[in-house]
Amino acid sequence: MMTTTELAKVLFATPLQPSDDLSAYRIRAAVDERLCACGGDPAWCAAYVAQEAGDHPETYVRRMRWALDAVAAAYEPAAA
């Protein structure tokens, strides 16, 4: 089982945007798709997040906060 932080890093690496119409299902599907594309290795997503944090520090915090909040809502038991 992945932690909320690990899931957020995977979501961060997807093309989804906070402005998209996002359901819990769509968030979970995007996370699953990205993990499959990375061979199931969340370390790839963590490396991508670190690169983005260095390249775009002005938007990193806002996107990571969104990703954390989105996965917390999408993966809480009531959202399933």
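Below: a short report on this structure. Keep in mind that this is a model prediction, so the values were computed, not measured. (Residues numbered from 1 in each chain as written. Predicted model: local features only at pLDDT ≥ 70, side-chain atom pairs only at ≥ 80, totals over all residues. Heavy atoms only, no water.)

**Here we look at the pattern of salt bridges**
Step number 1: The tally for this structure, following the rule as stated, stands at one salt bridge.
Step number 2: In this structure, Asp69 engages Arg65 in a salt bridge whose closest nitrogen and oxygen atoms are separated by 3.3 Å. Here Arg65 and Asp69 lie together in helix α4 (residues 57–75), a separation of four residues that amounts to about one turn.
Step number 3: Asp69 sits in the partly exposed class, given a relative accessible area of 42%. (Salt bridge = Lys/Arg side-chain N within 4 Å of Asp/Glu carboxyl O. Helix = DSSP H or I, 4+ residues; strand = E, 2+ residues; numbered from the N terminus. Buried < 20%, exposed > 50% of the residue type's maximum accessible area, 1.4 Å probe, protein only.)

**Topic: helix α3 (residues 42–55)**
An α-helix turns once every 3.6 residues. As a result, residues three or four positions apart point the same way.
Step number 1: Over its 14 residues, α3 extends 20 Å from the first C-alpha to the last, a length consistent with the 20 Å expected when each residue adds 1.5 Å.
Step number 2: Within the span of α3, buried status applies to Cys45, Val49 and Glu52. One side of α3 holds all its buried residues, which, seen down the axis, span an arc of 65°. Residues Ala50 and Gly54 are exposed on α3 and point more than 90 degrees away from its buried face.
Step number 3: Those residues of α3 hidden inside the fold are in contact with α1 (4–12), α2 (24–37) and α4.
Step number 4: Measuring from the side-chain oxygen of the N-cap residue of α3 to the backbone nitrogen of Ala43 gives 3.0 Å; that N-cap residue is Asp41. (Expected span 1.5 Å × (residues − 1). Arc of directions from axis to C-beta. Contact = heavy atoms within 4.5 Å. Polar contact = N/O pair within 3.5 Å; in protein donor to acceptor, adjacent residues only side chain to side chain.)

**Concerning the packing of aromatic side chains**
Step number 1: Applying the stated criterion across every chain yields a total of three aromatic pairs.
Step number 2: Where Phe12 meets Tyr48, the ring centres are 6.5 Å apart and the plane angle is 65°; that geometry is what we call edge-to-face. On the criterion of sequence distance, the pair formed by Phe12 in helix α1 and Tyr48 in helix α3 is long-range, its members being 36 residues apart.
Step number 3: Ring centres of Phe12 and Tyr60 lie 5.7 Å apart, and the angle between their planes is 55°; on these two criteria the pair is classed as tilted. In this pair, Phe12 sits in helix α1 while Tyr60 sits in helix α4, placing the two residues 48 residues apart along the sequence.
Step number 4: Within the aromatic cluster, the residues linked to one another by ring pairs are Phe12, Trp44, Tyr48 and Tyr60.
Step number 5: A cation sits over an aromatic face here: Arg63 above Phe12, 5.4 Å from the ring centre. (Phe/Tyr/Trp six-rings, centres within 6.5 Å; stacked < 30°, edge-to-face > 60°. Lys NZ or Arg CZ within 6 Å of the ring centre and 35° of its normal.)

**Section: α2**
Step number 1: Across its 14 residues, α2 extends 20 Å between first and last C-alpha, which sits within 8% of the 20 Å expected from 1.5 Å per residue.
Step number 2: Along α2, the residues that are buried comprise Ile27, Ala30, Val31 and Leu35. With its buried residues spanning 130° around the axis, α2 presents them on a single face. Of the residues in α2, the exposed ones pointing more than 90 degrees away from the buried face are Tyr25, Glu33, Cys36 and Ala37.
Step number 3: Where α2 is buried, its residues contact α1, α3 and α4.
Step number 4: Just beyond α2, the residue with positive phi is Gly39, at close to 70°.

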